[in-house]
Amino acid sequence: AWPPLSGIGDGEEPETREASRKGGAQQCFYQLRALPLKTPQGNPLGKTILLKDITRQKQDEKRMLEAEKALSILTERERLGRELHDGQGQLWSYFHVQLEAVRSLLGKNDPAQAGVLLNKLAGNIQNMHVDIRESITGLQLTATAEQGIWQSLEEYLQWFRQNYEIAATLTIDQAFIPGLLPPTTEVQLLRIIQEALTNIRKHANARQVNITITASGGRVNIEVADDGNGFDPAAAAAKKGSFGLKIMQERADEIGAQLCINSTPHAGTRLSLQIPVTDGKEALP
């Protein structure tokens, strides 16, 4: 276990470290705990170092993490499939019905009304193209999240500003340090923010959106605020085909986050998320 043993336990308090060594084809892991020894008068006498083999524990943790990652991937695929079916997938049936209506109008020698329907279809297809392009960009962002998920969000906001001419800013408080939240939680938060931005782009007619991330009191707080049209959240949640709000709520529930949406017609919308910090992270001030 050298050099991790070097210098351990030289302080006044007990100290714990982890060390590893190659044992044939297997990597072995050990927990080292040093306890300082003192004379009855309080003078330094030496130290006791306890070594505990934690190889099996590390192997179990690795298998558990791999299983959680696999389950997370399967869950995300299922959710994305449902989003595509409930969202863009439903449009194909609509396109089919409208095209049949155009065929019928042409058969009745009514080209003017057929042209109106075709123009409407062209607009809907263009909107669908924008949605698909935005979804692909969001998935690419999630795929590169290991490089720094919040840095990737800033790059996404730059793309968002350039394509939709909506001023979008990201402010991250210094108390929010990298690694404060588990990676799976960060990915879900990222997807919720993306969905919120999509709703702003499609419905809010906003000129400005501000995303703020802070950390305090053992929680991470995320706020997405825009200056758009606003809406009635209760009416929107009850509206048939309103999948965006439902998906965001599902993602929030999955990571134990509290999602709150405050909005008033003609007064903008404020989406807030509160996420408890767990997994042994130190308490926040």
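Now for a look at the structure at hand. (Residues numbered from 1 in each chain as written. Predicted model: local features only at pLDDT ≥ 70, side-chain atom pairs only at ≥ 80, totals over all residues. Heavy atoms only, no water.)

1. A closer look at the overall build of the protein
- A count of helices and strands for the protein gives 7 helices and 8 strands.
- Relative to its 285 residues, the protein shows a buried fraction of 32%.
- A fraction of 58% describes how many contacts in the protein between residues 6 or more apart in sequence connect residues 24 or more apart.
- As displayed, the protein offers around 17600 Å² of accessible surface, 54% of which is attributable to carbon and sulfur atoms. (Helix = DSSP H or I, 4+ residues; strand = E, 2+ residues; numbered from the N terminus. Buried < 20%, exposed > 50% of the residue type's maximum accessible area, 1.4 Å probe, protein only. Contact = heavy atoms within 4.5 Å. Areas by Shrake-Rupley, 256 points an atom, 1.4 Å probe, with all protein chains shown as cover.)

2. Describing the packing of aromatic side chains
- For the structure shown, the criterion picks out 3 aromatic pairs.
- For the ring pair Trp159 and Tyr164, a centre distance of 5.7 Å and an interplane angle of 90 degrees mean the geometry is edge-to-face. As far as the burial class goes, Trp159 and Tyr164 line up, both buried. (Phe/Tyr/Trp six-rings, centres within 6.5 Å; stacked < 30°, edge-to-face > 60°.)

3. Focus: the sheet that holds strand β6 (residues 219-226)
- With respect to topology, 5 strands assemble into an open sheet ordered β4-β5-β6-β8-β7, the strand pairing being mixed. Each edge of the open sheet is held by one strand with a lone partner, namely β4 (167-172) and β7 (258-263). Each strand axis lies, on average, 10 degrees off the axis of its neighbour in the sheet, ignoring direction.
- For strand β5 (residues 208-216) and β6, the ladder comprises 8 bridges, and the chain directions are antiparallel. Bridging across to β6, Ile213 finds its partner in Ile222.
- Those strands touched by helix α5 (residues 183-204) are β5, β6 and β8 (269-276), and its axis lies near 15 degrees from that of β6. (Pairing = 2+ DSSP bridges. Axes fitted to C-alpha atoms, helices over the stretch in contact; angles between N-to-C directions.)

4. Quick look at the environment of Glu68
- Here Glu68 is to be found in helix α1 (residues 55-86).
- Residues Glu68 and Thr184 lie 116 residues apart in sequence; the distance between their C-alpha atoms is 9.3 Å.

5. Things to note about the pattern of salt bridges
- Across all of its chains, the model carries 8 salt bridges by this definition.
- For the salt bridge of Glu12 with Lys38, the shortest nitrogen-to-oxygen distance reads 2.8 Å. Here Lys38 lies in strand β2 (residues 26-38) and Glu12 lies in the segment before β1 (15-23), a separation of 26 residues in the sequence.
- With relative accessibility at 55%, the residue Glu12 sits in the exposed group. (Salt bridge = Lys/Arg side-chain N within 4 Å of Asp/Glu carboxyl O.)

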